[in-house]
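# Understanding the architecture of this molecule
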Amino acid sequence: MFEKGPKSKFTVSIEGNIGSGKSTLLQHFAKFNDVEVLQEPVDKWRNVRGYNLLDLMYKDPCRWAHTFQTYVQMTMMELHLKPTSSPVKLIERSLFSARYCFVENLFRGGKMTEPEYNVYCEWYNMITQNLNVDVDLIVYLRTDPNKVHERIRKRARSEEQTIPMQYLEDLHKLHEDWLIEKKHPLPAPVLILDANENLCSMYKKFEEHTSEILCQKLVKNKL
Ligand SMILES: Cc1cc2cn([C@H]3C[C@H](O)[C@@H](CO)O3)c(=O)nc2[nH]1
């Protein structure tokens, strides 16, 4: 159907539960000049021609989850496909965590009907089979649900204040099923970081792993 475009640059997706420290990790990498950092387009999700889809989804998930996730899928596709002059591209989450963590959670939780889930999955299959949305490394910020619950309180993003603990536990389990148990297709090798620690010790860990993450690029380019 489509010609898959040229091979993408070394692409890393940062995965983890809500409040797992992804934005902190991405800010750390933003200071390197040969890395392009693409954060989750949350501001787009909060204003789609005047509608805050994120808020609608949390307020009435049965009515809005499919609408929201369909738009998320389009905006994540844009991140994957965005050309870059940098040798390394870091994206916050991915089409893959959208499908195997968030949408799976909403469907299993009865917030998305089966026809909605099927239509979403048809789109997902068409996009991933026909377009060059590959990633080369997944960095999993592994956290304990209690820890992220506490951070979400502190961060105080308005739409998230009503997220129940059960939702975070379910999302955690789906990240573990995908990235640790490998129950769903894994598009790349996974680097697991324990992200329960406080920020300054996490920075040190990021420093250690930065060379590992960036030198993966060399490995890939040599191949
Ligand atoms: C790919 C993807 C990201 C993503 C984020 N979210 C929510 C979780 C957070 O409250 C907020 C920002 O990550 O959006 C979601 O419901 N579905 C998603 N799918």
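The structure displayed is predicted, hence computed values, not measured ones.

### Side note on the pairing of strand β3 (residues 88–92)
The buried fraction of β3 amounts to five of the five residues, a majority that puts the element mostly inside the structure. The side-chain alternation of β3 yields two buried faces, one formed by Val88, Leu90 and Glu92 and the other by Lys89 and Ile91. One ladder, built from five bridges, connects strand β1 (residues 10–16) with β3; its direction is parallel. If you follow threonine 11 over to β3, its bridge partner there is lysine 89. As paired strands, strand β2 (residues 35–38) and β3 are joined by four bridges and run parallel to one another.

### Description of the nonpolar core
Ile18 and Tyr167 are the most contacted members of the largest nonpolar core, which has 44 residues in total. For this core, the secondary-structure elements that each account for two or more residues are α2 (42–45), α3 (53–59), α4 (61–81), α5 (95–108), α6 (114–130), β4 (137–142), α7 (145–155) and α8 (165–179). In terms of residue count, α5 provides more of this core than any other element does, eight residues in total. Filtering out sequence-adjacent residues up to four positions away, isoleucine 18 remains in contact with Tyr58, Arg93, Phe102, Val148, Ile152, Arg155, Glu160, Ile163, Tyr167, Leu168 and Leu171.

### Quick word on the site of the ligand
Contacts to the ligand come from 17 residues, most closely from Glu40, Tyr58, Gln69, Arg93 and Glu160. At a separation of 2.7 Å, an oxygen atom of the ligand approaches a polar side-chain atom of tyrosine 58. A distance of 3.0 Å separates a nitrogen atom of the ligand from a polar side-chain atom of glutamine 69. Its free accessible area being 420 Å², the ligand has 99% of it covered by the protein chains. The set of elements that each furnish at least two residues to the shell around the ligand consists of α2, α3, α4 and α5. Here the element with the most residues in the shell around the ligand is α4; it accounts for four residues. Split by residue class, the shell around the ligand holds 11 nonpolar, two polar and four charged.

Criteria and cut-off values
Residues numbered from 1 in each chain as written. Predicted model: local features only at pLDDT ≥ 70, side-chain atom pairs only at ≥ 80, totals over all residues. Heavy atoms only, no water. Buried < 20%, exposed > 50% of the residue type's maximum accessible area, 1.4 Å probe, protein only. Helix = DSSP H or I, 4+ residues; strand = E, 2+ residues; numbered from the N terminus. Pairing = 2+ DSSP bridges. Core = buried A, V, L, I, M, F, W, Y, C linked by side-chain atoms within 4.5 Å. Contact = heavy atoms within 4.5 Å. Near = heavy atom within 4 Å. Polar contact = N/O pair within 3.5 Å; in protein donor to acceptor, adjacent residues only side chain to side chain. Areas by Shrake-Rupley, 256 points an atom, 1.4 Å probe, with all protein chains shown as cover. Nonpolar A, V, L, I, M, F, W, Y, C, P; charged D, E, K, R; others polar.

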